[in-house]
Amino acid sequence: MILNKSRIFAVLLLVVLVGCGEDEPEKVKPKEVDADEGPMKRIIWEADGASMALIPAGSFEMGDSKDEPEAWMEGSHPVHTVELDAFYMDVHEVTVGQFRKFVEESGYVYNLWDDVAVFSSTGKHPMIWVTWDDATAYAEWAGKRLPTEAEWEYAARGGLSGKRYPWGDEITDDHANYFGTGGKDKWEYCAPVGSLKPNGYGLYDMAGNVFELCSDWYNEDYYSNSPLRNPQGPSTGESHVLRGGSCNFNTDFLRAAFRDYVGPSYSSFYYGFRCVSGFPAAQVVGLPLSLSSTVLTALPLFGYSVFKFKYKDGKV
Ligand SMILES: [Ca+2]
Ligand SMILES: [Ca+2]
């Protein structure tokens, strides 16, 4: 194994050296690399510094398997099987600090900072008062995208099956930031991201704090004709999907299956977003930029897991 790692280390060195050049990233030989240890489960995304968790490919039962009685759960039926490719998801809701960096670096026009500060008072709080277009612009700047609704629910369930919330069937003030305060929930409005416990995939605030925008158009009947694999939502619509509940809603709206929606030009204090990236990830922090367009699977140096690169345009 030591010999094997040495060989891979040599390959990695070659890759780094090649990556420093202008035009020779093709010389990278991913096949030389030991991939036995699997992909890295956590990465840091270079553009916005976000920690992202690998959500494994798989299938799940999407929708309200509890048959909750309320009329506003009707859009969560019928329960249907969905298969998804693997993807990376932001561990946290996008923060005020990250969105401010986006605005400063891109020149994107945004002028609701005073409103943001009322409910999200620090750079560590979730970004709010964003339209779907604002959120999408951020995602594009970062080289990521908004999650589909199916990806969001799959990730929120944290590997559990048929549970009401990301950690199980019950919820208390110690689990999430929702309406009012009590237990570990000290916040009337937004909490700094990651203030409470993560779910099984290491994702924070998938229930509560702020609702999160998805890429899909919303249609109450969509589950009746959703495709099996990687559903993208209706081709058009009037509103986009919101998921997860928020600091001003009670626990019924924090259910993993609950679907809410909002018009594309609307913004408010109770919703924000997080981003996803396809797998393998397009970039990893701390390496020469030229490598971000290079396919590379490298060995775990100094005990780190395997990590992978991919052309930004999706070529392998
Ligand atoms: Ca609260
Ligand atoms: Ca949330």
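Numbering of residues begins from 1 in every chain and follows the order in which that chain's sequence is written. In the order they appear in the text, chains get letters beginning with A and ligands get numbers beginning with 1. Confidence filtering applies because this is a predicted model: local features only for residues at pLDDT of at least 70, side-chain atom pairs given and counted only at 80 or more, and all residues used for totals across whole chains, interfaces and linings.

Q: Looking at this structure, how should I read helix α2 (residues 96–106)?
A: It helps to recall that an α-helix has 3.6 residues per turn; residues three or four apart then point in one direction. Between the buried cut of 20 or more and the exposed cut of 12 or fewer other C-beta atoms within 10 Å of a residue's own C-beta lies the partly exposed class, and all C-beta atoms are placed from the backbone. Here a helix means four or more residues in a row that DSSP labels H or I, a strand means two or more in a row labelled E, and each is numbered from the N terminus. For α2, every residue scored as buried is listed here: V96, Q98, F99 and F102. One side of α2 holds all its buried residues, which, seen down the axis, span an arc of 165 degrees. Exposed residues lying more than 90 degrees from the buried face of α2 are E104 and E105. Residues of α2 that are buried in the fold lie against α3 (113–119) and α4 (132–142). Taking the helix axis as origin, the arc is that swept by the directions to the C-beta atoms. The contact criterion used is a C-beta to C-beta distance within 7 Å, with each C-beta placed from the backbone.

Q: What is the right way to look at the sheet that holds strand β9 (residues 271–272) in this model?
A: The strands making up a sheet associate through hydrogen bonds between their backbones, and the pairing can be parallel or antiparallel. In this scheme, strands are said to pair when DSSP sees at least two bridges between them. The strand order across the open sheet formed by four strands is β8-β7-β6-β9, and the pairing between neighbours is mixed. The two strands at the open ends of the sheet, each matched to only one other strand, are β8 (259–262) and β9. By the bridge criterion, three bridges tie strand β6 (residues 211–217) to strand β7 (residues 240–243) in an arrangement that is antiparallel. Each bridged residue has a counterpart across the sheet, and for W217 the counterpart in β7 is H240.

Q: Is there a simple way to think about the environment of E93 in this case?
A: Within the secondary structure, E93 is located in the loop between β5 (87–90) and α2. Every residue in contact with E93, bar those within four places of it in the chain, is listed here: P126, V193, D205, N209, V210, E212, G272 and R274.

Q: I tried to follow helix α5 (residues 149–156) on my own but got confused; where do I start?
A: Most of α5 is tucked away: eight of the eight residues are buried. Residues of α5 that are buried: E149, A150, E151, W152, E153, Y154, A155 and A156. Backbone geometry just after α5 places G158 at a positive phi near 60 degrees.

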